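Residues per chain are reported as follows:
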Amino acid sequence: MTASFVPSFTHDSTPGVSRHDLQRAFDTLLQPERFKDYGPNGLQVEGKERIARIVSGVTASRALIDAAIEDGADAIFVHHGLFWRGQDGRVTGWMKQRLQRLLVHDINLFAYHLPLDAHAELGNNAQLGRMLGVAADARFGEQDLGFAGPAEFADAHALARHVESVLGRAVTLVAPEPRPIRRLAWCTGGAQGYFEGAIAAGADAFVTGEISEPQAHLARETGVAFIAAGHHATERYGAPAVAERVAAQLGIAHRFIEIDNPA
């Protein structure tokens, strides 16, 4: 059962909800404490105290921040935030430009990485499965981020055409041999390292965002098809699903802004 959040009510007559209540709603839904991640989940940049309008997007790019400013957002909710383990900590160049815009306009930035991938109903993987018409009945891989379920496609080429139609972009397909696709595994974004786990889980094909050199060989040697459908393209459904759910729960406005990315 998904945990629910009941906001605290105060006598503040300012429109919207408090920053604290918004973060608590996101944390209750996504449970970031369960994950070992590559960067901080939750509030990454503090803005105004009251939030009436939130914009969601995939990545906290300058283009998204500028679009959120134009939209009058009080907060931004993304999958890819600004801070990652091992990055250069200096606030110069592109980092300065992004932070400057957020701080000048007093906009809160919330980012959830692996928790947003993993959520069983609203996360990136669950939403990609919904878009593809495949329901997961199993999880695999590190931190159970991989999803798998029954599928019905004549072969990997038919599956690739379906993925292209749904996502609206060309994919990279490594299809070793013609075989029916009866079980599909998937993990959004840069999850090519989950391919061996998908093979072990009995998949006939694996869909993710990116492909690296070793996966082509593994696909040919195991007979399991590999489809790289784009990092951004596979991860653009979780953030708006979560933000829309929380915004409706708290009675605030929400808009998803798509920033095109060929990756």
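Everything numeric here is computed off the predicted structure, so don't read it as measured data.

Description of the pattern of salt bridges
Inspection of every chain in the model, using the stated rule, returns 13 salt bridges. Across the pair Asp71 and Arg53 runs a salt bridge, and its minimum N-O distance is 2.7 Å. One end of the pair, Asp71, is in helix α2 (residues 62-71); the other, Arg53, is in strand β4 (residues 53-59), and 18 residues separate them in sequence. Judged by its relative accessible area of 25%, Arg53 falls in the partly exposed class. Among the ionic pairs, Arg255 bridges to Asp71, the shortest N-O distance being 2.8 Å. Of this pair, Arg255 sits in strand β13 (residues 253-256) while Asp71 is found in helix α2, placing the two residues 184 residues apart along the sequence. Residue classification places Arg255 among the partly exposed residues on the basis of a relative accessible area of 39%. The exposure class of Asp71 is buried, given its relative accessible area of 17%. Residues joined in a network through salt bridges with shared partners are Arg19, Glu46 and Glu49.

Some points on the sheet that holds β4
Taking strand neighbours across the sheet as the criterion, the five strands line up as β2-β6-β5-β4-β13 in an open arrangement whose pairing is mixed. Two strands lie at the open edges of the sheet, namely β2 (42-45) and β13, each paired on one side alone. The sheet shows a mean angle of 30° between the axes of neighbouring strands, taken without regard to direction. Inspection of the sheet shows β2 paired to strand β6 (residues 108-111) by three bridges, in the antiparallel sense. Each bridged residue has a counterpart across the sheet, and for Val45 the counterpart in β6 is Leu109.

Digging into the packing of aromatic side chains
Going through the model one piece at a time under the given rule, you end up with 10 aromatic pairs. Ring plane angle 25° and centroid distance 4.4 Å describe the contact between Phe26 and Phe77, whose orientation is recorded as stacked. Taken together, the residues Phe26 in helix α1 (residues 19-30) and Phe77 in strand β5 (residues 75-80) connect sequence positions 51 residues apart. Taking relative accessible area as the criterion, Phe77 reaches 0% and is therefore assigned buried. Taking the centre distance of 5.9 Å and the plane angle of 55° together, the rings of Phe26 and Tyr112 count as tilted. Of this pair, Phe26 sits in helix α1 while Tyr112 sits in the loop between β6 and α4 (114-118), placing them 86 residues apart in sequence. Each residue in the set Phe140, Tyr194, Phe195, Phe206 and Phe226 is aromatic and connected to the rest through ring pairs, giving one cluster.

With respect to the sheet that holds strand β8 (residues 146-153)
The six strands are arranged β7-β8-β10-β11-β12-β9 in an open sheet whose pairing can be described as mixed. Two strands lie at the open edges of the sheet, namely β7 (138-140) and β9 (172-174), each paired on one side alone. Neighbour-to-neighbour, the strand axes of the sheet open up by a mean angle of 25°, direction not taken into account. Taken together, the five bridges between β8 and strand β10 (residues 181-186) define a ladder with antiparallel strand orientation. Its bridge partner lying in β10, Phe153 is registered against Ile181.

Things to note about the pairing of β6
Burial of the side chains of β6 extends over both faces: Asn108 and Phe110 are buried on one face and Leu109 and Ala111 on the other. As paired elements, β5 and β6 share four bridges and run parallel to each other. Each bridged residue has a counterpart across the sheet, and for Ile76 the counterpart in β6 is Leu109. For the handedness criterion, the β-α-β arrangement of β5, helix α3 (residues 93-104) and β6 is classed as right-handed.

Regarding the packing of helix α5 (residues 124-132) against helix α6 (residues 156-167)
At a minimum axis distance of 10 Å, the contact between α5 and α6 shows a crossing angle of 110°. As far as their axial angle goes, α6 and α5 are roughly perpendicular. Across from Leu128, Met131 and Leu132 in α5, the residues of α6 making contact are His162, Val163, Val166 and Leu167. Considered class by class, the residues forming the contact of α5 with α6 number six nonpolar, one polar and no charged.

Some remarks on the nonpolar core
Counting 23 residues, the largest nonpolar core has Leu159, Val163 and Leu184 as its most contacted members. Among the elements of the structure, α5, β8, α6, β10, β11 (205-208) and β12 (225-228) are those that each provide at least two residues to this core. Take this core: its biggest share by element is five residues, from α6. Apart from the residues within four sequence positions on either side, Leu159 is in contact with Phe153, Ile181, Leu184, Ala205 and Ile227.

Rules of the game
- Residues numbered from 1 in each chain as written.
- Predicted model: local features only at pLDDT ≥ 70, side-chain atom pairs only at ≥ 80, totals over all residues.
- Heavy atoms only, no water.
- Salt bridge = Lys/Arg side-chain N within 4 Å of Asp/Glu carboxyl O.
- Helix = DSSP H or I, 4+ residues; strand = E, 2+ residues; numbered from the N terminus.
- Buried < 20%, exposed > 50% of the residue type's maximum accessible area, 1.4 Å probe, protein only.
- Pairing = 2+ DSSP bridges.
- Axes fitted to C-alpha atoms, helices over the stretch in contact; angles between N-to-C directions.
- Phe/Tyr/Trp six-rings, centres within 6.5 Å; stacked < 30°, edge-to-face > 60°.
- Right-handed = clockwise from strand over helix to strand, strands pointing away.
- Parallel < 35°, antiparallel > 145°, perpendicular 65-115°, else oblique.
- Contact = heavy atoms within 4.5 Å.
- Nonpolar A, V, L, I, M, F, W, Y, C, P; charged D, E, K, R; others polar.
- Core = buried A, V, L, I, M, F, W, Y, C linked by side-chain atoms within 4.5 Å.

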